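Spelled out from the first residue to the last, the chains are:
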Amino acid sequence: MSDQDQTQEVTKGRLTTRTMAMPGDTNPSGDIFGGWVLSQMDIAAGICAGQRAQTRVVTMAVDSMSFIRPVKVGDVLGVYTEIVKVGRTSMEIHVEAWVRRSRIGKREKVTQAIFKFVAIDDDGVPTPVPAETDLPAYVLED
């Protein structure tokens, strides 16, 4: 993908979290550790799934993880989420992580994945995800 094509690309979903990559998050090569990026994506996906389920949720699986570009110290990582499927007790969340290079520079997509969550009750037993029609209006707002 050329630089021109990259600047044309747009995010999918809503900005859910934003944080800055710090020196303590690096791997031995000096790039931000992929596990740190994955954990930021899991946090954002959990926020999205929990809001939709209106209850506690747990990560069940991560599918199709693609690391596209490295994250560097000082990059601002923005994580975007979008619900792509709702089952009886589960949800699939499309997650994209984008960086703003050196806090103010060019914006680039660095990774994406599908996270699967299950809604659970206080005892850890899977519980139905409410229908959209049963949700409070603020849950569905942008």
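Residues numbered from 1 in each chain as written. Predicted model: local features only at pLDDT ≥ 70, side-chain atom pairs only at ≥ 80, totals over all residues. Heavy atoms only, no water.

1. Focus: the sheet that holds strand 3 (residues 76–86)
Sheet strands line up and pair through hydrogen bonds in the backbone, either parallel or antiparallel. Put simply, the rule reads: Strands pair, by our definition, only if DSSP identifies at least two bridges between them. Numbering goes from the N terminus for both helices and strands, where a helix is a DSSP run of H or I of at least four residues and a strand is a run of E of at least two. To obtain each axis, a line is fitted to C-alpha atoms, and for helices this fit is confined to the stretch in contact; angles are then taken between N-to-C directions over 0 to 180 degrees. In this description, contact between two residues means that some pair of their heavy atoms is separated by no more than 4.5 Å.
Strand order in the open sheet made by the five strands is 1-3-4-5-2, with antiparallel pairing throughout. Lying at the two open borders of the sheet, with one neighbouring strand each, are strand 1 (14–20) and strand 2 (56–67). Across the sheet, the mean angle separating the axes of adjacent strands is 25 degrees when strand polarity is ignored. Strand direction decides the pairing type here: strand 4 (residues 90–100) and strand 5 (residues 107–120), joined by eleven bridges, are antiparallel. Looking at the pairing, histidine 94 lines up with isoleucine 114 of strand 5. Each of strand 1, strand 2, strand 3, strand 4 and strand 5 touches helix 2 (residues 34–53); the most contacted strand, strand 5, lies at about 50 degrees to it.

2. A few points about the pattern of salt bridges
Operational definition: Put simply, a salt bridge is a Lys or Arg side-chain nitrogen that is within 4 Å of an Asp or Glu carboxyl oxygen. With a 1.4 Å probe rolled over the protein chains alone, any residue whose accessible area is under 20% of its type maximum counts as buried; one over 50% counts as exposed, and the rest are partly exposed.
Considering all chains together, one arrives at eight salt bridges under this definition. As a salt-bridge pair, lysine 109 and glutamate 96 come within 3.6 Å of each other at their nearest N and O atoms. Of the two residues, lysine 109 sits in strand 5 while glutamate 96 sits in strand 4, which places them 13 residues apart along the sequence. Here lysine 109 matches glutamate 96 in class, with each residue buried. As a salt-bridge pair, glutamate 108 and lysine 106 come within 3.3 Å of each other at their nearest N and O atoms.

3. Some remarks on the confidence of the model for the protein chain
This is how the line gets drawn: Think of pLDDT as the predictor's per-residue confidence, scored from 0 to 100.
A residue-level look at the protein chain finds 92% of positions with pLDDT of 70 or above and a mean pLDDT of 91. This model gives residues 1–6 a pLDDT under 50, and the stretch forms eight contacts once residues within four places in sequence are excluded.

4. Thoughts on helix 2
Put simply, the rule is: Residue count minus one, scaled by 1.5 Å, sets the expected span of a helix.
An ideal rise of 1.5 Å per residue puts 28 Å on 20 residues; helix 2 measures up with 28 Å between its terminal C-alpha atoms. Among the residues making up helix 2, those that are buried are Trp36, Val37, Gln40, Met41, Ala44, Ala45, Gly46, Cys48, Ala49, Gly50, Arg52 and Ala53. Remark: glutamine 54 follows helix 2 within two positions and exhibits a positive phi of approximately 60 degrees.

5. Let's talk about the layout of surface pockets
Operational definition: Cavity and pocket criteria rest on a 1 Å grid covering protein atoms alone: a 1.4 Å probe that fits but cannot get out defines a cavity, protein on both sides within 12 Å along at least 5 of 7 lines defines an open pocket, and an atom within 4 Å of a point defines a lining residue. Grid points are joined across faces, edges and corners, and a volume is the space filled by probe spheres set on the points. By the convention adopted, Pro, Cys, Tyr, Trp, Phe, Met, Ile, Leu, Val and Ala count as nonpolar, Lys, Arg, Asp and Glu as charged, and the other residues, Gly among them, as polar.
Looking at the largest pocket, its volume works out to about 360 Å³. Lining the largest pocket are 15 residues, with Arg14, Cys48, Gln51, Ile83 and Val139 sitting closest to its centre. For the lining of the largest pocket, the secondary-structure elements that each account for two or more residues are strand 1, helix 2, strand 3 and helix 3 (137–140). Among the residues making up the lining of the largest pocket, the classes are represented as seven nonpolar, four polar and four charged.

6. As for the pairing of strand 5
Most of strand 5 is tucked away, with eleven of its 14 residues classed as buried. Two strands pair when backbone bridges link them, and strand 2 and strand 5 are joined in this way by nine bridges, in the antiparallel orientation. Across the sheet, the residue bridging to serine 66 is glutamine 112, located in strand 5. Connecting strand 4 to the antiparallel partner strand 5 that follows it, the hairpin turn spans six residues, and serine 102 within it adopts a positive phi of roughly 50 degrees.

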